[in-house]
Amino acid sequence: MIAGFSALHDGSGRATGSELAGAASATRTAVRTRLDDLLTFPVLVGSGLITLNNFGGRSVSSGACAHRGIDIFPTDDVPRVLVSCIDGVLDGQRILEGSQGNAWVLRDGDGVSYRYHHVGEFEPGLEVGSVVRRGDVLGTMGSTGNAGNAHLHFEVRPDGTGANAIDPIPLLPFPIVGVVLGAPTGCS
Ligand SMILES: [Zn+2]
């Protein structure tokens, strides 16, 4: 567990506290760590999605073992809708800045940041500072930056820095209908 992110939560991400303590029917463990709460899958789930299990794999820009996120592809190359994985705030918007292409950066109340790279179109009406809820539409995936095909590069950074990024796979609610999870790729 990562120090500094402990909080009272239930499985839905809502704070619990004394409600749970007094509930005779409660069978859940009352105390969870923030990063144990599963994220909403960051792409609208339909069908034909594959999630590469490539955290720590090869990065096109940085080389072997340097991929700090995971890549989510549509098998038919038709860009899908991106949705918020958390309740939080849009903390940054990058427009065609190098390899990452267009990107949204979200931040939750604990300071964890979630990055969406290679965005095709940003959802109209959203801007830095906008409050978003889980499942809110953020835009569409695309192939901006160094993406060969339309996909989402998704990162989770507990303290905001890339060096301390963590594997998003254990934080996502797999198995997910319509989403194939690949085998871990290793460093290459
Ligand atoms: Zn990637």
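Residues numbered from 1 in each chain as written. Predicted model: local features only at pLDDT ≥ 70, side-chain atom pairs only at ≥ 80, totals over all residues. Heavy atoms only, no water.

1. Describing the packing of aromatic side chains
Put simply, the test is: Ring pairs shown here join Phe, Tyr and Trp side chains whose ring centres sit within 6.5 Å, with only the six-membered ring taken for Trp; geometry is labelled stacked below 30 degrees between planes, edge-to-face above 60, and tilted in between. Put simply, DSSP H or I for four residues or longer makes a helix, DSSP E for two residues or longer makes a strand, and each gets a number counted from the N terminus. Whether a residue is buried, partly exposed or exposed follows from its accessible area with a 1.4 Å probe, protein chains only, as a fraction of its type maximum: under 20%, in between, or over 50%, in that order.
In this structure the tally under the stated criterion is three aromatic pairs. Ring centres 6.0 Å apart and planes at 80 degrees place the aromatic pair F41 and F174 in the edge-to-face group. On the criterion of sequence distance, the pair formed by F41 in the loop between β2 (31-33) and β3 (49-52) and F174 in the loop between β12 (152-157) and β13 (179-181) is long-range, its members being 133 residues apart. You can call F41 buried: its relative accessible area is 5%.

2. Quick notes on the side chain of H117
Where we set the bar: In this description, contact between two residues means that some pair of their heavy atoms is separated by no more than 4.5 Å.
Structurally, H117 is set in strand β8 (residues 113-117). Those residues in contact with H117 that sit more than four places away from it in its chain are Q100, N102, A103, H151, L152, H153 and E155.

3. As for the coordination of the zinc ion
Under the convention used in this document: Note that water is not among the atoms used; donors are N, O and S atoms within 2.8 Å of the metal (3.2 Å for Na, K and Ca), so sites may look incomplete.
At the metal site, the zinc ion is ligated by H67 (NE2), D71 (OD), D71 (OD) and H153 (ND1), and these contacts range over 2.0 to 2.8 Å. Summarised as a motif, the one-chain spacing of the donors to the zinc ion is H-x3-D-x81-H. Residue H67 is located in the loop between β3 and β4 (70-74), and its partner H153 is located in strand β12; the two are separated by 86 residues in the primary sequence. What makes H67 buried here is its relative accessible area of 8%.

4. Focus on the sheet that holds strand β11 (residues 137-141)
Using the following cut-off: DSSP-based pairing: two strands are paired if at least 2 bridges between them are found. Inter-axis angles, ranging from 0 to 180 degrees, are taken between N-to-C directions of lines fitted to C-alpha atoms, where helices are fitted over the stretch in contact.
Taken in spatial order, the three strands make up an open sheet running β5-β11-β9, and their pairing is antiparallel. Two strands close off the open sheet at either side, each with one partner strand: β5 (81-83) and β9 (119-122). The average angle at which neighbouring strand axes cross in this sheet is 40 degrees, direction not considered. Strand direction decides the pairing type here: β5 and β11, joined by three bridges, are antiparallel. Pairing of L82 across the sheet is with G139, part of β11.

5. Concerning the confidence of the model for the protein chain
Our working definition: What pLDDT reports is the predictor's confidence in each residue, on a scale of 0 through 100.
Per-residue confidence for the protein chain gives a mean pLDDT of 84, with 81% of residues at or over 70. The low-confidence segment residues 1-32, where pLDDT is below 50, has 37 contacts with residues more than four positions distant or belonging to other chains.

6. Looking at the environment of V43
Of note, V43 is situated in the loop between β2 and β3. Judged by its relative accessible area of 1%, V43 is buried. Taking the C-alpha atoms as reference points, V43 and M141, separated by 98 residues in sequence, lie 8.5 Å from one another. Setting aside chain neighbours within four positions, we find V43 in contact with L49, I72, R80, V81, L82, V83, M141 and L152.

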